[in-house]
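# Structural overview for review
Residues per chain are reported as follows:
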Amino acid sequence: MFRFHKTLDIITLFHKASSPASVRVSNLLKQASTSAQTSAAHDSKARRDPFELNITEDPPTVDQVQTILEYVGQSGASQVVKGARDDKDALKKFKENKENLLRPLTVDWSNGKAIAGDNESEILKLLNAQK
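Taken from UniProt, the Function (unreviewed entry) comment for the protein reads in full: "Putative mitochondrial redox protein which could be involved in the reduction of small toxic molecules." Taken verbatim from the UniProt record of the protein, the Sequence similarities (unreviewed entry) comment is "Belongs to the FMP46 family."

Structural data, given as structure tokens:
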């Protein structure tokens, strides 16, 4: 019987290799991705569906930053872009200097969530929350 396979959720880490916090998040995400793939292959009731993990040192596009700001809400703009007061200010500061983006920044594009920083419990919560 033919079945459509669900596309994998996409999780992106905007990473900075020189940042110990970013390296910790990168390792956490790699471990979670491997675990999700392994448990899905052996257990139909796995906690987390496998996901596509993208780790990049490239900055997001302006459109991606707008989307991320929507995910974190008005109060989260300062957690995503250094010194931002609100979404509009965050976009302005990001356009002026892409280094104003605070990293690590983990984004679950499929479920509309983003976590700035290296709060392991928040990142794990993001990974385990499914639609």
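Further notes follow.
### A few points about the pairing of strand β4 (residues 113-116)
For strand β3 (residues 105-108) and β4, the ladder comprises four bridges, and the chain directions are antiparallel. Residue pairing across strands places Leu105 opposite Ala116, the latter belonging to β4.

### What to know about the pattern of salt bridges
Side chains that carry opposite charge are capable of pairing whenever their charged atoms lie near each other. All chains considered together, the criterion is met by five salt bridges. A salt bridge links Lys16 to Glu99, with the nearest nitrogen and oxygen atoms 3.9 Å apart. Linking Lys16 in the loop between β1 (9-14) and α1 (20-42) with Glu99 in the loop between α4 (87-96) and β3, this pair joins segments that are 83 residues apart in sequence. With relative accessibility at 47%, the residue Glu99 sits in the partly exposed group. For Lys125, the salt bridge goes to Glu122, with nearest N and O atoms at 3.1 Å. Of this pair, Lys125 and Glu122 are both found in helix α5 (residues 120-128), three residues apart, which corresponds to roughly one turn of the helix. Judged by its relative accessible area of 30%, Glu122 is partly exposed.

### Remarks on α5
Three or more residues of α5 are buried, namely Ile123, Leu126 and Leu127. Viewed along the axis of α5, the buried residues span an arc of 100°, placing them on a single side of the element.

### Examining the sheet that holds β3
Spatially, β2-β1-β3-β4 is the arrangement adopted by the four strands of the open sheet, whose pairing is mixed. At either end of the open sheet lies a strand with only one pairing partner, and these are β2 (51-56) and β4. Strand-to-strand twist of the sheet, defined as the mean angle between neighbouring strand axes without regard to direction, takes the value 15°.

### Brief notes about unusual backbone geometry
Arg103 connects to Pro104 through a cis peptide bond whose omega is 5°. By secondary structure assignment, the location of Pro104 is in the loop between α4 and β3.

### What to know about the pairing of β1
Burial within β1 is extensive, with five of its six residues counted as buried. Relative to β2, β1 runs parallel, the two being bridged by six bridges. Each bridged residue has a counterpart across the sheet, and for Phe14 the counterpart in β2 is Thr56. Here β1 runs beside β3; their pairing, made up of four bridges, is antiparallel. Residue Leu13 lies in a different strand from β3, and its bridge partner there is Thr106.

Reading guide: rules and limits
- Residues numbered from 1 in each chain as written.
- Predicted model: local features only at pLDDT ≥ 70, side-chain atom pairs only at ≥ 80, totals over all residues.
- Heavy atoms only, no water.
- UniProt positions renumbered as here; feature names shortened; annotations may be inferred.
- Pairing = 2+ DSSP bridges.
- Helix = DSSP H or I, 4+ residues; strand = E, 2+ residues; numbered from the N terminus.
- Salt bridge = Lys/Arg side-chain N within 4 Å of Asp/Glu carboxyl O.
- Buried < 20%, exposed > 50% of the residue type's maximum accessible area, 1.4 Å probe, protein only.
- Arc of directions from axis to C-beta.
- Axes fitted to C-alpha atoms, helices over the stretch in contact; angles between N-to-C directions.

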